[in-house]
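Listed below are the residues making up each chain.
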Amino acid sequence: MQRIKVLLIIIPLILVFNSFQDDMKKSTVLFCYGKTNPIGVKDYKYVILESKHYNSKDVKIIRLQNDKVFAYISLGEINESSTHFDDFKKHTIGKNEIWNSHYIDLESKKARETLIEMADEIFAFGYDGLFLDNIDNFTIHGPQKDQAEKVIDLIGAIKEKYPKKMFIQNAGLDLVEQTSRYVDLIAIESIATDYSFKDKKCNLREKTIFEASLNRINTISATYSIPFILIEYADSKDLVELVKKRVEPTGYDFFIGTIDLQTIPKFN
């Protein structure tokens, strides 16, 4: 009888604990562009890092603890803090004032060759693939819209050189018909949230806008048999919970973090 009483106490506690774990379930994806301890990066499906912070030993540790590890590379912009900035100084066509970066001129053979060399350097550290950023720059409203064919050819050239590596295309949905043969996943930012650079605040998007974006993603995913990663930004635990209610039912892998992407997210 005493044992039954103990079980009656323990079982509800276990159920509560399991429920708590479900509520605190972390995303399957990690974006972190700041330097973090490799030991602390574990149990993710996809990890996307800034390669300058890690050596081959670090990458090996992270790969052992996660499914796939990608390095960030922008095919459209070069930041002034980049070690390769001097290589692009004479091969840019304007500046992105928000991020203090310069638009890369892909009409330049030197620029294209340097980007491939950057990919070479990254893969030498043992990464599983590349996260290709700023692809939306080459779509109809982007600053490099006239160079769409150049970026498609560049992605194809990198894939041809590294056929066994994986590639994540960030945004640029208008180009998916041409790029889907080269990339393995597509990432899309802020369909559930909206960050105001003026107010420096994250907000929840209107439901109708979210649903319209999701419908487009579903159509593209089904048409080209390509999975998506949803990237959302939040600045409070309350907003995180609201975002989760939207993105978890989609079935897509997702990430919720702060706008600077410098640390492993922790919301109070």
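Not measured: the values here are computed from a predicted model.

## Comments concerning the pattern of salt bridges
Alright, step 1. For the structure on display, the rule yields nine salt bridges.
Alright, step 2. Aspartate 120 is the partner of lysine 161 in a salt bridge, and the nearest nitrogen-oxygen pair spans 3.0 Å. In this pair, lysine 161 is assigned in helix α5 (residues 148–161) and aspartate 120 in helix α4 (residues 109–123), connecting sequence segments 41 residues apart.
Alright, step 3. With a relative accessible area of 46%, lysine 161 lands in the partly exposed category.
Alright, step 4. Residue classification places aspartate 120 among the partly exposed residues on the basis of a relative accessible area of 22%.
Alright, step 5. Between glutamate 211 and lysine 207 there is a salt bridge, with its nearest N and O atoms 4.0 Å apart. Residue glutamate 211 and its partner lysine 207 are both found in helix α7 (residues 207–224); the two are separated by four residues, about one turn of the helix.
Alright, step 6. Residue classification places glutamate 211 among the partly exposed residues on the basis of a relative accessible area of 36%.
Alright, step 7. Taking relative accessible area as the criterion, lysine 207 reaches 54% and is therefore assigned exposed.

## Describing the packing of aromatic side chains
Alright, step 1. One pass over the full model with this rule turns up 11 aromatic pairs.
Alright, step 2. Arranged with centres 6.2 Å apart and planes meeting at 65°, the rings of tyrosine 46 and phenylalanine 70 form a pair that is edge-to-face. Linking tyrosine 46 in strand β2 (residues 46–49) with phenylalanine 70 in strand β3 (residues 68–74), this pair joins segments that are 24 residues apart in sequence. With respect to class, tyrosine 46 is no different from phenylalanine 70; both count as buried.
Alright, step 3. Where tryptophan 99 meets phenylalanine 197, the ring centres are 5.7 Å apart and the plane angle is 85°; that geometry is what we call edge-to-face. Of this pair, tryptophan 99 sits in the loop between β5 (92–96) and β6 (101–104) while phenylalanine 197 is found in the loop between β10 (193–196) and β11 (201–204), placing the two residues 98 residues apart along the sequence.
Alright, step 4. A relative accessible area of 40% means that phenylalanine 197 is categorised as partly exposed.
Alright, step 5. An aromatic cluster of three or more residues is present, and its members are Phe31, Tyr33, Tyr72, Phe131 and Phe255.

Rules used throughout
- Residues numbered from 1 in each chain as written.
- Predicted model: local features only at pLDDT ≥ 70, side-chain atom pairs only at ≥ 80, totals over all residues.
- Heavy atoms only, no water.
- Salt bridge = Lys/Arg side-chain N within 4 Å of Asp/Glu carboxyl O.
- Helix = DSSP H or I, 4+ residues; strand = E, 2+ residues; numbered from the N terminus.
- Buried < 20%, exposed > 50% of the residue type's maximum accessible area, 1.4 Å probe, protein only.
- Phe/Tyr/Trp six-rings, centres within 6.5 Å; stacked < 30°, edge-to-face > 60°.

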